[in-house]
Amino acid sequence: MFVFVLNKNGKALMPCKPQKARVLLKRDDAKVVKRTPFIIKLIGGCSGYKQNLIAGMDTGSKYIGCAVVGLGKVIYQANIAIRQNVSKKMQQRTMYRRNRRSRKCRYRPARWANRASMRKKGRIAPSIKSKVDSHLRERDFVESILPITRWKVELANFDIHKVSNPFVSGTEYQNGDLKGYNNVKAYVLSRDGYKCQFDRKGIKHSQKLHVHHLVFRSNGGTDVPSNLLTLCETCHNDLHAGKFELSTKRSKTKHATEMGVVKSQLEKQWLGFEAIFGYETKFKRETLLKLPKTHHFDAVAVCCEDGEWVEPSNTVYFKRHVATGDYQQTKGIRSEKRIPTGKLFGLRKYDLIQTDKGIGFVKGKRSSGYFAIDNILGETITTSLNVKKNMVRLSARTTTLTQLMEGGDSSCT
């Protein structure tokens, strides 16, 4: 385990051993800046000598792996869980705003089509933007605690056609289902025989046909033909009105499609890194390092040069990105019950606390003083803990929850 060091101006220096950090703190030559990971800041001057440190990142749509290698050792490694609820949260916010608008401004016209962000050039979906920002946020954090010499990033390439059909090969790529059709909609209508595909008795089907998404795009659905179905206008309107339901399957290409956008955005917004392919990472990790498949071990393999072996580390930082705050303020039929979104008994949601039942993050708060506590993985520690007794607040809420793990697995300590 290493202690990360900053000079008196806040610039990153080479890390040191815990023994040396203990001496510096005891002599009042340094002060503690952060505890997880442990960072100290020097009070006086220093030589500022630096050595080569290679940082690597294993990009992803759900998890990010990051590592820093130098002097033949793994100095830093982390697993970062990316937010997957951005789209759902935005739908919830839309519902609250629309409801409040109809209550308080009943005769005011709608303003959904004049947002500047909707007309912005190069705009990407907020859920994708959140994932791109998570990669850049981890890069900025690593550069703030270590003097990185250069970055190596694994950019994944996915064959969407092969993900959907694993047996495709050769000329079948040029002779796909959409060959001869102007667009996907024309193919779906022709595939379904220009007829409504839902057999409902006792109704008259409309002559106008619509193409319906089985899994809504807001829920991760895509425009692939397998996710599209022909419905008449009557059935389509009744379906969205909730009069009946269709059985659906989750898209298998959601994360592969997102990674294509994340890759292109990283290439635009992050200049100066060396791109690495997945087969290189796999070869180094399995053949040279002989490490199991995890995101942080993939990042370690990304850092290594051809034929290089590094001493592994048992210290892994697990991180989870969460929302800045809670949008919902009240609950009840008439919003008569106010939800305590601020501090309650000196605690906010996602504050890290130490209790008799373990160390965890505040997940749910009650005015009675009995809170729900989760660990960094989102697993429940307890659903009813009296925080008014035997409780110590270790750290305040941040948008990046961090906890130290030992052994390189998913268990938190």
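In this text, all values refer to a predicted model and were calculated from it rather than measured experimentally. Per chain, residues are indexed from 1 in the order of the written sequence. Per-residue local features of the predicted model are confined to residues with pLDDT of at least 70, and side-chain atom pairs are confined, for both listing and counting, to 80 or more; whole-chain, interface and lining totals are unaffected and use all residues. The basis for the side-chain values is all heavy atoms of the structure; hydrogens and waters are excluded.

Draft legend 1. Representation of the overall build of the chain. In terms of helices and strands, the chain carries 9 helices and 19 strands. For the chain, the spread of C-alpha atoms along the principal axes amounts to about 85 × 65 × 40 Å. Relative accessibility decides the category of a residue: with a 1.4 Å probe and only protein chains considered, values under 20% of the type maximum give buried, values over 50% give exposed, and everything between is partly exposed. Across the 413 residues in the chain, those meeting the buried criterion constitute 39%. Considering only residue pairs separated by 6 or more positions, the chain has 61% of its internal contacts joining residues 24 or more positions apart. Neither His nor the chain ends contribute to the count of charged residues, in which Lys and Arg are positive and Asp and Glu negative. Where a charge lies is defined by one atom per residue type: Lys uses NZ, Arg uses CZ, Asp uses CG and Glu uses CD. In the chain, the 77 positive side-chain charges and the 35 negative ones have mean positions that sit 11 Å from each other. In this description a helix means any DSSP run of H or I spanning at least four residues, a strand means any run of E spanning at least two, and both kinds are numbered starting from the N terminus. Two residues form a contact once any of their heavy atoms are found within 4.5 Å.

Draft legend 2. Local environment of the sheet that holds strand β15 (residues 358-364). Strand order in the open sheet formed by 5 strands is β17-β16-β15-β14-β18, and the pairing between neighbours is antiparallel. Both outer strands of the open sheet, β17 (380-386) and β18 (392-395), are each paired with one neighbouring strand and no more. Strand after strand, the sheet turns through a mean of 45° between neighbouring axes, direction not considered. Two strands are counted as paired when DSSP detects at least two bridges linking them. Relative to strand β16 (residues 370-374), β15 is paired through 3 bridges, and the arrangement is antiparallel. Directly across from Gly364, in β16, lies its bridge partner Ala372. Helix axes are fitted to C-alpha atoms over the stretch in contact, other axes to C-alpha atoms as well, and angles between N-to-C directions run from 0 to 180 degrees.

Draft legend 3. Representation of the nonpolar core in the model. What we call a nonpolar core is a set of buried Ala, Val, Leu, Ile, Met, Phe, Trp, Tyr and Cys residues that are connected through their side-chain atoms within 4.5 Å. Of all hydrophobic cores here, the largest spans 34 residues; its most connected members are Phe4, Val68, Tyr76, Leu146, Trp151 and Trp270. It is helix α3 (residues 126-145) that contributes the most residues to this core, 6 residues altogether. Dropping the residues within four chain positions of it, Tyr76 is found in contact with Phe4, Cys66, Ala67, Val68, Glu138, Phe141, Val142, Ile145, Leu146, Tyr317 and Lys319. Judged by nonpolar contacts, the second largest core, of 13 residues, contains Leu291, Ala299, Cys303 and Cys304.

Draft legend 4. Here's a closer look at the pattern of salt bridges. Salt bridge, as used here: a side-chain nitrogen of Lys or Arg that lies within 4 Å of a carboxyl oxygen of Asp or Glu. All chains considered together, the criterion is met by 14 salt bridges. Two residues, Arg150 and Glu274, come together in a salt bridge whose shortest N-O distance is 2.8 Å. Pair noted here: Arg150 is in strand β7 (residues 150-154) and Glu274 is in strand β10 (residues 274-276), with a separation of 124 residues, a long-range link. For Glu274, a relative accessible area of 35% gives the class partly exposed. A salt bridge links Glu286 to Arg285; the shortest N-O distance between them is 4.0 Å. One continuous salt-bridge network, built from bridges that share partners, spans Arg150, Lys152, Glu274 and Glu305.

Draft legend 5. Inspection of the side chain of Gln77 at higher detail. Within the secondary structure, Gln77 sits in strand β6 (residues 73-81). Gln77 sits in the buried class, given a relative accessible area of 1%. For the purposes of these results, a polar contact is taken to be a pair of N or O atoms within 3.5 Å, where, inside protein, one atom must be able to donate a hydrogen and its partner to accept one; residues adjacent in sequence count only when each atom of the pair is a side-chain atom. Looking at Gln77, its side chain comes within polar contact range of the main-chain oxygen of Ser313, at 2.7 Å. A polar contact of 3.2 Å, which involves the side chain of Gln77, links it to the backbone oxygen of Thr315.

Draft legend 6. Representation of the packing of aromatic side chains. Aromatic rings from Phe, Tyr and Trp, taking only the six-membered ring of Trp, are treated as a pair when their centres fall within 6.5 Å; an angle between ring planes under 30 degrees marks them as stacked, one over 60 as edge-to-face, and anything in between as tilted. Per the counting criterion, the structure on display carries 9 aromatic pairs. With 4.4 Å between their ring centres and 20° between their planes, Phe198 and Phe244 make a pair best called stacked. Within this pair, whereas Phe198 is found in the loop between α5 (184-191) and β8 (209-213), its partner Phe244 is found in the loop between α6 (233-240) and α7 (254-269), the two being separated by 46 residues in sequence. The structure contains a cluster of three or more aromatic residues connected by ring pairs, namely Phe4, Tyr76, Phe141 and Tyr317. We call a charge positioned over a ring when the NZ of a Lys or the CZ of an Arg lies within 6 Å of the ring centre and within 35 degrees of the ring normal. Just above the ring of Trp270 sits the side chain of Arg139; from NZ or CZ to the centre is 5.2 Å.

Draft legend 7. Spotlight on the sheet that holds strand β2 (residues 30-35). Spatial ordering of the open sheet is given by β1-β3-β2, a layout of 3 strands whose pairing is mixed. Each edge of the open sheet carries a strand with a single partner, namely β1 (4-6) and β2. Each neighbouring strand pair of the sheet contributes to a mean axis angle of 30°, computed without reference to strand direction. In this structure, β2 lies alongside strand β3 (residues 38-42), joined through 5 bridges in antiparallel fashion. Directly across from Ala30, in β3, lies its bridge partner Leu42.

Draft legend 8. Fine view of a positive patch on the surface. Taken together, the side chains of Arg97, Arg100, Arg103, Lys104, Arg108 and Arg115 define a basic patch exposed on the protein surface. If you trace the backbone, Arg97 turns up in helix α2 (residues 86-104). Look at Arg97 and you get partly exposed, because its relative accessible area is 41%. Without a salt bridge and with relative accessible area above 30%, a residue can belong to a patch; like charges are then joined within 9 Å and nonpolar side chains (Val, Leu, Ile, Met, Phe, Trp, Tyr) within 5 Å. The accessible surface values rely on the Shrake-Rupley method and a 1.4 Å probe; as for residues, cover is taken only from the protein chains in view.

Draft legend 9. Structural view of the confidence of the model for the chain. Overall, the prediction assigns the chain a mean pLDDT of 87, with 92% of residues at 70 or greater. The pLDDT value expresses, per residue, how confident the predictor is, ranging between 0 and 100. Across residues 408-413, confidence stays below pLDDT 50; counting only partners more than four residues off in sequence or on other chains, it has 14 contacts.

Draft legend 10. Structural context of the packing of α3 against α7. Following both chains from N to C, one finds α3 and α7 inclined at 50°, their axes separated by 9 Å at the closest point. Here α7 runs oblique to α3, going by the angle between their axes. Crossing of α3 over α7 shows right-handed handedness. Residues Ile128, Lys131, Val132, His135, Leu136 and Arg139 of α3 touch α7, and the partners they reach there are Lys254, His255, Glu258, Val261, Val262, Gln265, Leu266 and Gln269. Considering only residue class, the contact of α3 with α7 consists of 6 nonpolar, 4 polar and 4 charged. Oblique is the label for every angle not falling under 35 degrees (roughly parallel), over 145 degrees (roughly antiparallel), or within 65 to 115 degrees (roughly perpendicular). The handedness criterion is simple: a crossing whose near helix is rotated anticlockwise from the far helix by less than a right angle is left-handed, and one whose near helix is rotated clockwise is right-handed. Amino acids outside the nonpolar list (Ala, Val, Leu, Ile, Met, Phe, Trp, Tyr, Cys, Pro) and the charged list (Asp, Glu, Lys, Arg) are all regarded as polar, and Gly is one of them.

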